[in-house]
Amino acid sequence: MAATSNDQNKLEVLVPGGVGFIGSHCVIELINAGYEPIVVDNLSNSSIECLKRVEKISGSKITNYTIDCLDLESLRDVFKKHSIYAIINFAALKSVGESVKNPVLYYQNNVGCLFNLLKCMEEFNVKNFIFSSSATVYGTPKYLPLDEKHPCVGDAITNPYGKSKYICEHVLKDTTVAHSDWNIILLRYFNPVGAHESGLIGENPVGTPNNLMPYVAQVAVGRLPHVNVTGTDYDTPDGTGVRDYIHVVDLAKGHIAAMKKFKDSCGLQIYNLGTGKGYSVLEMIKALEKASGKTIAYKNCPRRSGDLASVYADCSLAAKELGWTAQRGLDDMCQDLWRWQSNNPNGFQ
């Protein structure tokens, strides 16, 4: 089926992983921008309740298919039913720790899903693709802030999750050589936090959170006893690790800005999405204490293997070429995160 538009004259955008944390916020921004999202998700790390709340926020009924992108025939059936204009791919496992314990799962899922999407793009003449990548592809920083010219060396990436993103990026780069009329944009995320301002959707990790701020929020709400601060002797202002945190809504809006590049026949493009400012672990804990009015207990622990002292972005290229910059600061991130967590202490359950 040719990629044009549907009966409502809205361009259809396939969103694999659209029920997850970042994907669900992106679905809202797609609707706000006048697109028609088509969601595909196997619900392995997400809840259908999230999609119901996205429909409530947006006032729109969302087309959704509960399938796995590793199931090529089911994926092909979706492409047969729709005139897909573009794909924004969030279909990936994302736990660094889990990837170290089960690397085969991460390579099979993250790379395998991409392969099947590219096969369908070739078959159904879809030429626009946005890939959800990660700052982990930079490995150990040779300089800061990290810009898009910083080398990405596979052996310098410290975990299979990051390596799976690195492999996917190379597959996509090679694909643009073979398909010179395709447009592929790699968006390298830094650390998404926060939640929708409604408090209806937010990050809902399965089991114990792997990322700092959902963990801190669960301590604040009483689900966990204390935060483990892993490493207090880094070369940073307070000795704890520094990261570039970005509000998930700003991140979602970055995808809408990237979509507009397709009209320029942009080919392959790479952009960092962050704020350009780093905050330490202790600063993040204190910021959520401020937002929640709670005292958040923490325990100093040894460094984790593979962790880095400081990682933050140079996002000037996205500002110049996409007209996009992050608009929400640390207080916004923490206030929205706390609204979500306090209103939903057990997530979507």
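Residues numbered from 1 in each chain as written. Predicted model: local features only at pLDDT ≥ 70, side-chain atom pairs only at ≥ 80, totals over all residues. Heavy atoms only, no water.

Focus: the overall build of the protein
Logical step 1: Along the protein, the regular secondary structure elements total 11 helices and 13 strands.
Logical step 2: Since a compact globule built from 349 residues should have a radius of gyration of about 20 Å, the 19 Å found for the protein is in line with a globular shape.
Logical step 3: Reported as C-alpha extents along the three principal axes, the dimensions of the protein are approximately 55 × 45 × 40 Å.
Logical step 4: For the protein, with 349 residues in total, the buried portion stands at 56%.
Logical step 5: Considering only intrachain contacts with a sequence separation of at least 6, the fraction spanning at least 24 residues in the protein is 80%.
Logical step 6: Here the protein displays about 14,800 Å² of accessible surface, and carbon together with sulfur accounts for 47% of that area.
Logical step 7: A distance of 3 Å separates the average location of the 34 positive side-chain charges in the protein from that of its 36 negative side-chain charges. (Helix = DSSP H or I, 4+ residues; strand = E, 2+ residues; numbered from the N terminus. Rg over C-alpha atoms; globule rule 2.2 N^0.38 Å. Buried < 20%, exposed > 50% of the residue type's maximum accessible area, 1.4 Å probe, protein only. Contact = heavy atoms within 4.5 Å. Areas by Shrake-Rupley, 256 points an atom, 1.4 Å probe, with all protein chains shown as cover. Lys, Arg positive; Asp, Glu negative; His and termini not counted. Charge placed at Lys NZ, Arg CZ, Asp CG, Glu CD.)

Some thoughts on the side chain of Ser 46
Logical step 1: Within the secondary structure layout, Ser 46 lies in the loop between β2 (36–40) and α2 (48–58).
Logical step 2: Polar side-chain contacts of Ser 46 include one of 3.0 Å to the side chain of Asp 41. (Polar contact = N/O pair within 3.5 Å; in protein donor to acceptor, adjacent residues only side chain to side chain.)

Comments concerning unusual backbone geometry
Logical step 1: With omega at -5°, the peptide bond leading from Leu 144 into Pro 145 counts as cis.
Logical step 2: By the secondary structure assignment, Pro 145 is in the loop between β5 (128–134) and α6 (160–178).
Logical step 3: We note that Asn 125 has phi near 60°; this positive angle belongs to a residue other than glycine.
Logical step 4: Relative to the assigned elements, Asn 125 resides in the loop between α5 (103–124) and β5.
Logical step 5: Overall, the relative accessible area of 42% leaves Asn 125 in the partly exposed class.
Logical step 6: Although it is not a glycine, Ser 265 adopts a positive phi angle of roughly 50°.
Logical step 7: With respect to the element layout, Ser 265 can be found in the loop between α8 (248–259) and β10 (268–273).

Some details on the UniProt feature "domain: NAD(P)-binding" (unreviewed entry) in the protein
Logical step 1: Here the UniProt feature "domain: NAD(P)-binding" (unreviewed entry) sits at residues 14–336.
Logical step 2: Across residues 14–336, the secondary structure splits into 39% helix and 18% strand, with the terminal C-alpha atoms separated by 27 Å. (UniProt positions renumbered as here; feature names shortened; annotations may be inferred.)

A short note on the sheet that holds strand β6 (residues 183–189)
Logical step 1: Pairing is parallel across the open sheet formed by seven strands, whose spatial order is β3-β2-β1-β4-β5-β6-β10. The open sheet terminates on both sides in strands that have one partner only, identified here as β3 (63–65) and β10. If you compare each strand with its neighbour and ignore which way they point, the axes differ by 20° on average.
Logical step 2: Where strand β4 (residues 84–89) and β5 come together, three bridges link them in parallel fashion. When the bridges of β5 are listed, Ile 88 appears paired with Ile 130.
Logical step 3: The strands touched by α8 are β1 (12–16), β4, β5, β6 and β10; relative to β6, the strand with the most contacts, the crossing angle is about 160°. (Pairing = 2+ DSSP bridges. Axes fitted to C-alpha atoms, helices over the stretch in contact; angles between N-to-C directions.)

A short note on the pairing of strand β9 (residues 242–247)
Logical step 1: Judged by how many residues are buried, β9 sits mostly within the fold: six of six residues are covered.
Logical step 2: Of the two faces of β9, the one carrying Val 242, Asp 244 and Ile 246 and the one carrying Arg 243, Tyr 245 and His 247 are both buried.
Logical step 3: Pairing between strand β7 (residues 191–193) and β9: three bridges, direction parallel. Among the inter-strand pairings, Val 193 is bridged to a residue of β9, identified as His 247.
Logical step 4: Pairing of β9 with strand β11 (residues 278–280), which is carried by three bridges, proceeds in the antiparallel orientation. In the strand pairing of β11, Asp 244 is matched with Gly 278.
Logical step 5: One ladder, built from two bridges, connects β9 with strand β13 (residues 310–311); its direction is parallel. Bridge pairing in β13 places Val 242 opposite Ser 310.

Here we look at helix α3 (residues 72–81)
Logical step 1: Of the positions making up α3, those classed as buried are Leu 75, Arg 76, Val 78 and Phe 79. Across the axial projection of α3, the buried residues extend over an arc of 155°, all falling on one side. (Arc of directions from axis to C-beta.)

Re the packing of aromatic side chains
Logical step 1: Scanning the entire structure with this criterion turns up three aromatic pairs.
Logical step 2: Between Phe 79 and Phe 124, the aromatic rings sit 5.6 Å apart at their centres with planes inclined by 25°, giving stacked as the arrangement. With Phe 79 in helix α3 and Phe 124 in helix α5, this pair connects stretches of sequence that are 45 residues apart.
Logical step 3: Given the relative accessible area of 8%, Phe 124 is considered buried. (Phe/Tyr/Trp six-rings, centres within 6.5 Å; stacked < 30°, edge-to-face > 60°.)

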